[in-house]
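Here's the letter readout for the chains.
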Amino acid sequence: MKYSKEQQKAINTIDGQVCIISVAGSGKTSVIVARANNIIKSGVRPYRILVLTFSKAAAVQMADRYKMQYGSDGIRFSTIHSLCYSVLARAYNLKAEDILSEAGRLKFFTEFHRQLLYKRVSGVPDDFDEYYRKCNEYINSMAVGTADNQESKSSSKAYLEITFSQYKEFKKNNKKLDFDDMILYCHKCLSSNKKELEYWQGIFDYIMVDEFQDTGTLQAEIIYMVADLRKNVCVVGDDDQSIYRFRGSKPEIMLGFEKDYPDAKRILLDTNYRCGRYIVEASLNLISHNRERFDKKIIAAS
C-alpha cells in the first residue's frame, strides 16, 4: 500500500509520545495497523503492544485487518473496558458473571421507570427511550464526576438522582458492576496498588489509542498510568469528530495531550480521501466556528 508523506511519518514515528490528528477519511486505521507492524519490525515482541479502540466491534475489525495484511501476530487489540476488566480480574478475581448484562440493566430501568410513573414523580418522561437516555447520561456523568449537581436537584431532574441511588443499590444487592464501575475501580486499583500498577506497566512497551477525542478523564489517566514506565504512548483521533461528551468524553483531553507530554510529537493527517472538495470545504467552514480545537487545514484528495 502506498502512503502519503504524513501517513508515512506517523507510521515511522514509533518512540516516545505521539499525537496523530487524523481528519475524517484520512486513513487512520491503515496508519495504526501499519505503525503496529513497524513497531514489531523494530524488534518489539507483538504481545508487548496494546492497541485500544473505542468499541469491541472496532477492536475485532482492526485485529482482522492486521491479520489480513500482516498475518496473526499476538498484538492486543482491545477496548478500554476490556483492559480494565483484565486489571480487576487479576487484582480482585473479577469474573464475567460479575458484570451486569445489558439485559439485566434494561430490566432494572424498565421496571423502575414504571414505578416512577405510577408514583407520578415530577419530571419523569413518559417515553421510556427518553428516560433511559437521560439516565444513562446522568449515571455516566456521575461516575466520572461531571454531573451538574444543581441541575440534578431541580424539580424536573430530581428523578435522575432517585434513579441513580436505586441503581447503585440494585448493583450492590446483586453484587454486580457495570461498565462505568469497571473504569472507576480500575482507576482506583492502579492509583492505590503499586504492585498491580507495576505489573501492568511491565506488560506493554507500546500503547496506541484510537478515537482519543472520545476518551474520558479516568480513561485517559488509566492509559497514562499504564504507559508511564516507558512512555511510549501514541494517541490518534480528531477533536472535530468528538460526539460523546454526554457519556463523559472530553475532547479537551486530546487538546491537552501536549501539556501532559511537552516532548510529544504532533503529526497531522489532513487529507480526506473519502469526500470531494465541496463537502470538505463546507465541513471545515462549519467546524471552524468551534473555539476549542486544533488549528488545522483539511484538504480533499480529489
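See the structure above.
Values in this document were obtained by computation on a predicted structure and should not be read as measured data.

1. Considering the side chain of D238
Its location among the elements puts D238 in the loop between β5 (233–237) and α12 (252–255). Using a relative accessible area of 3% as the deciding quantity, one classes D238 as buried. Discounting residues that sit within four places of it in the chain, D238 has contacts with I21, S22, V23, A24, Q213, M254 and K296.

2. A short note on the packing of helix α4 (residues 80–92) against helix α9 (residues 179–192)
A pair of packed helices is captured by two measures, namely the crossing angle of their axes and the spacing between those axes. Remark: α4 packs on α9, axes separated minimally by 9 Å, with the N-to-C direction vectors making an angle of 55°. When the interaxial angle is binned, α4 and α9 end up oblique. Relative to α9, the crossing made by α4 is left-handed. In this structure, α4 uses I80, H81, C84, Y85, V87, L88, A91 and Y92 to contact α9, whose residues at the interface are F179, M182, I183, Y185, C186, C189 and L190. Among the residues forming the contact of α4 with α9, the class breakdown is 14 nonpolar, one polar and no charged.

3. Considerations on helix α5 (residues 102–118)
Spanning 17 residues, α5 covers 24 Å between terminal C-alpha atoms, matching the ideal 24 Å at 1.5 Å per step. By the burial criterion, the buried members of α5 are R105, F108, F109, F112, H113 and L116. Angular distribution of buried residues about the axis of α5 spans 130°; they occupy a single face of the element. Residues of α5 that are exposed and point more than 90 degrees away from the buried face comprise A103, K107, R114 and Y118. A positive backbone phi angle near 55° is found at R120, which sits one or two residues after α5.

4. Structural notes on the pattern of salt bridges
Enumeration over the complete set of coordinates arrives at 12 salt bridges. In this structure, the salt-bridge partner of R90 is E196, at a minimum N-O distance of 2.9 Å. Highlighted residues: R90 in helix α4 and E196 in helix α10 (residues 194–201), separated in sequence by 106 residues. With a closest N to O distance of 4.0 Å, E198 and K194 form a salt bridge. Residue E198 and its partner K194 are both found in helix α10; the two are separated by four residues, about one turn of the helix. Exposure remark for E198: the relative accessible area of 44% places this residue in the partly exposed category. Through salt bridges that share partners, K28, D210 and E211 make up one connected network.

Cut-offs used in this document
Residues numbered from 1 in each chain as written. Predicted model: local features only at pLDDT ≥ 70, side-chain atom pairs only at ≥ 80, totals over all residues. Heavy atoms only, no water. Helix = DSSP H or I, 4+ residues; strand = E, 2+ residues; numbered from the N terminus. Buried < 20%, exposed > 50% of the residue type's maximum accessible area, 1.4 Å probe, protein only. Contact = heavy atoms within 4.5 Å. Axes fitted to C-alpha atoms, helices over the stretch in contact; angles between N-to-C directions. Parallel < 35°, antiparallel > 145°, perpendicular 65-115°, else oblique. Left-handed = near helix turned anticlockwise from the far one by under 90°. Nonpolar A, V, L, I, M, F, W, Y, C, P; charged D, E, K, R; others polar. Expected span 1.5 Å × (residues − 1). Arc of directions from axis to C-beta. Salt bridge = Lys/Arg side-chain N within 4 Å of Asp/Glu carboxyl O.

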